[in-house]
Each structure stands twice: as C-alpha cells, then as structure tokens.
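Remarks on the overall topology
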Amino acid sequence: MSGFTFQPIGHLATPFADKFGIPRQPSLAPHALGVLKLLSPYNRAEAVRGLEAFSHVWLTFVFHQSANDWKPTVRPPRLGGNTRIGVFASRSPFRPNPIGLSLVELIKIDTDSGVILTFKGIDLVDGTPILDIKPYIPYAESIPTARGGFADSPPPELAVVFSPEAKARLKPELRALIEDVLKQDPRPAYADDAERIYGVRLYQYDVKWRCDGQTAYVIALEKVV
C-alpha cells in the first residue's frame with residue numbers, strides 16, 4: 001500500500017485562534033477548554049458508550065496548518081531555538097505525516113443530540129481535525145521511570161501581571177486562561193526585547209502583553225470585531 005486516506009471524526013473548537021500562544025504541551029493550560037462535535041456517521045451515542053468511565057483520553061489529530069512542510073531537523077524552543085535535533089526526537093508539527101497525539105482530560109459527554117465531548121488542558125488550534133479518540137490507561141501508559149530527554153522537567157514559569165485597564169475587562173475564567181498561557185512564555189526562544197508588544201488571540205479577544213524574561217505584563221485586552 002502506497003498511502004492511506006483518513007477522514008476527521010470532527011473538528012475541535014478551542015480558545016486558540018492562532019498557533020502563537022498555544023501551550024507547547026497538553027495540560028499546561030488547565031483552563032483551556034476544547035469542544036468536539038462528532039460528525040456523521042460517528043456521532044452515535046453507542047460510539048462513546050463506556051467512555052465516561054475514563055478521566056483522560058488521547059486525541060489523534062492533524063497538524064493541518066503545517067501539512068506538506070516537513071523538516072528532517074528542528075529547533076525546539078526548550079533548547080533555546082538554536083540547537084537542531086531530528087524531527088523524530090521532537091514533537092514539532094513539521095512532520096512527514098502531520099499527525100499528533102494530545103492527552104487531555106475528559107470533563108463532559110453530551111449525547112442528547114449527536115455526540116459532543118468537552119475536554120480541558122487543550123493545546124490545539126481552533127478547528128483542528130480530530131482523527132480518533134482513545135482512552136488513557138494509567139497502569140499501562142504511566143511510566144514514572146521514563147526519561148524525558150531535553151524536556152525532562154517542566155519549563156520555568158513567568159509571573160503574570162495585569163494592568164488596571166486590562167483587569168477591569170476580565171472575567172475570572174478568561175483571566176485564568178490568560179495566566180495559563182502567558183506563564184508558559186510563548187515568545188520565540190530568541191526573543192529578548194522587554195519593550196516589544198506581543199498579541200495572543202484567545203476566543204474573541206486580542207491580549208496585548210510584553211515580557212522582561214521573568215514577568216508577563218498584560219497591557220490591554222481588545223475585543224476582535
């Protein structure tokens with residue numbers, strides 16, 4: 001067989017309108033919710049029967065914004081953005097076959113009209129095609145003695161400070177999501193200009209912020225029309 005053809009079972013709705021700002025691993029932004037409405041003919045209640053017994057699931061997805069752009073070596077942000085390693089030693093989206101896995105928490109299953117699944121700890125851009133869902137099995141898939149290579153420990157986190165103007169416009173759930181995202185420092189690895197203003201799109205808001213390397217300062221919150 002020379003190739004395979006896959007059809008999405010649905011497209012994930014997430015807060016992340018753009019790739020910039022997306023957490024680099026799942027679960028780093030616990031307030032990032034994703035909603036998956038299964039497409040026909042997969043949207044039958046019996047297709048998810050028993051899934052409610054599992055707290056976490058694997059999502060198999062397509063890096064649809066990086067398709068047909070694979071590279072044999074990549075420069076992981078965790079290594080400063082300068083050291084190259086093989087694509088198969090990374091989680092880069094620029095892969096020969098642009099598919100990925102994401103381990104997320106399952107928090108709701110709605111089968112009243114089709115099948116709608118809600119997850120938390122999402123690290124995928126809005127509209128990501130989902131190919132499959134599989135339950136996470138702790139006894140078989142949790143390996144405490146595993147080595148993590150260049151990502152053997154969590155990255156350091158930034159403090160997040162809001163300007164009075166931004167704070168006045170914030171709802172609690174949006175503030176929590178902004179903190180989740182910015183404390184991971186989504187800037188490019190080479191960024192060191194403390195005065196540069198960045199923008200992160202979350203839901204319908206454009207979050208303006210800058211960073212001095214230790215603290216992310218949220219300057220403004222603008223609603224995208």
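Residues numbered from 1 in each chain as written. Predicted model: local features only at pLDDT ≥ 70, side-chain atom pairs only at ≥ 80, totals over all residues. Heavy atoms only, no water.

Some details on the overall build of the protein chain
Check the secondary structure of the protein chain and you find three helices and 12 strands. Taking 2.2 N^0.38 as the reference for a compact globule, 225 residues should give roughly 17 Å; the C-alpha atoms of the protein chain span a radius of gyration of 19 Å, in line with that estimate. Judged by the C-alpha coordinates and their principal axes, the protein chain covers about 50 × 40 × 35 Å. Burial analysis of the protein chain (225 residues in total) assigns 36% to the buried set. (Helix = DSSP H or I, 4+ residues; strand = E, 2+ residues; numbered from the N terminus. Rg over C-alpha atoms; globule rule 2.2 N^0.38 Å. Buried < 20%, exposed > 50% of the residue type's maximum accessible area, 1.4 Å probe, protein only.)

Considerations on the nonpolar core
Counting residues in hydrophobic clusters, the biggest one holds 45 residues, and the most contacted among them are Leu-59, Phe-119, Ile-133, Ile-178 and Leu-182. Sorting elements by how many residues they give to this core places helix α3 (residues 172-182) first, with five residues. Contact partners of Ile-133, with chain neighbours within four places excluded, come to Ile-9, Leu-36, Leu-38, Leu-51, Val-57, Trp-58, Leu-59 and Leu-117. (Core = buried A, V, L, I, M, F, W, Y, C linked by side-chain atoms within 4.5 Å. Contact = heavy atoms within 4.5 Å.)

Things to note about the pattern of salt bridges
For the coordinates displayed, the defined rule picks out six salt bridges. Between Arg-44 and Glu-46 there is a salt bridge, with the nearest N and O atoms lying 2.7 Å from each other. Residue classification places Arg-44 among the partly exposed positions, given a relative accessible area of 49%. A relative accessible area of 39% means that Glu-46 is categorised as partly exposed. Glu-179 serves as the salt-bridge partner of Arg-175, at 3.3 Å between the closest nitrogen and oxygen. Of this pair, Arg-175 and Glu-179 are both found in helix α3, four residues apart, which corresponds to roughly one turn of the helix. Taking relative accessible area as the criterion, Glu-179 reaches 27% and is therefore assigned partly exposed. (Salt bridge = Lys/Arg side-chain N within 4 Å of Asp/Glu carboxyl O.)

Structural notes on the environment of Pro-15
In this fold, Pro-15 is placed in the loop between β1 (10-13) and β2 (33-38). Sequence separation between Pro-15 and Ala-32 is 17 residues; the distance between their C-alpha atoms is 6.7 Å. Apart from the residues within four sequence positions on either side, Pro-15 is in contact with Ala-32, Leu-33, Leu-177, Arg-201, Leu-202 and Tyr-203.

A word on unusual backbone geometry
Ser-40 connects to Pro-41 through a cis peptide bond whose omega is 10°. For Pro-41, the position within the fold is in the loop between β2 and β3 (56-62). The phi dihedral of Asp-185 is positive, around 55°, even though this residue is not glycine. Relative to the helices and strands, Asp-185 is located in the loop between α3 and β10 (198-202). Under the relative-accessibility criterion, Asp-185 is labelled buried at 18%. Notably, Tyr-203 is not glycine yet its phi reads approximately 55°, a positive angle.

Concerning the environment of Gln-214
Considering the arrangement of structural elements, one finds Gln-214 in the loop between β11 (205-211) and β12 (215-223). Of the residues examined, Gln-214 reaches a relative accessible area of 62% and is grouped as exposed. Expressed as a C-alpha distance, the spacing of Gln-214 and Glu-157, which sit 57 residues apart in the sequence, is 8.0 Å. Excluding anything up to four places from it in sequence, Gln-214 contacts Leu-158 and Ala-159.

Some words on the packing of aromatic side chains
One pass over the full model with this rule turns up five aromatic pairs. One cation-aromatic arrangement involves Lys-71 over Phe-94; the distance from NZ or CZ to the ring centre is 4.3 Å. Between the NZ or CZ atom of Arg-210 and the centre of the ring of Tyr-217, over which it lies, the distance is 4.6 Å. (Phe/Tyr/Trp six-rings, centres within 6.5 Å; stacked < 30°, edge-to-face > 60°. Lys NZ or Arg CZ within 6 Å of the ring centre and 35° of its normal.)

Some points on the side chain of Asp-206
Looking at the element boundaries, Asp-206 is found in strand β11. By relative accessible area, Asp-206 is classed as buried at 17%. Looking at Asp-206, its side chain comes within polar contact range of the side chain of Lys-208, at 3.2 Å. Beyond its immediate chain neighbours, meaning those up to four positions away, Asp-206 contacts Gly-199, Val-200, Arg-201, Ala-220, Leu-221, Glu-222 and Val-224. (Polar contact = N/O pair within 3.5 Å; in protein donor to acceptor, adjacent residues only side chain to side chain.)

Side note on the pairing of strand β7 (residues 116-120)
Pairing between β2 and β7: five bridges, direction antiparallel. Paired with Lys-37 across the bridge in β7 is Ile-116. In terms of strand pairing, strand β6 (residues 99-110) meets β7 through five bridges, oriented antiparallel. Across the sheet, Ile-109 pairs through a bridge with Leu-117, a residue of β7. Taking the residues that link successive antiparallel strands as the turn, the β6-β7 hairpin has five residues, and the phi of Gly-114 there is positive, at about 80°. (Pairing = 2+ DSSP bridges.)

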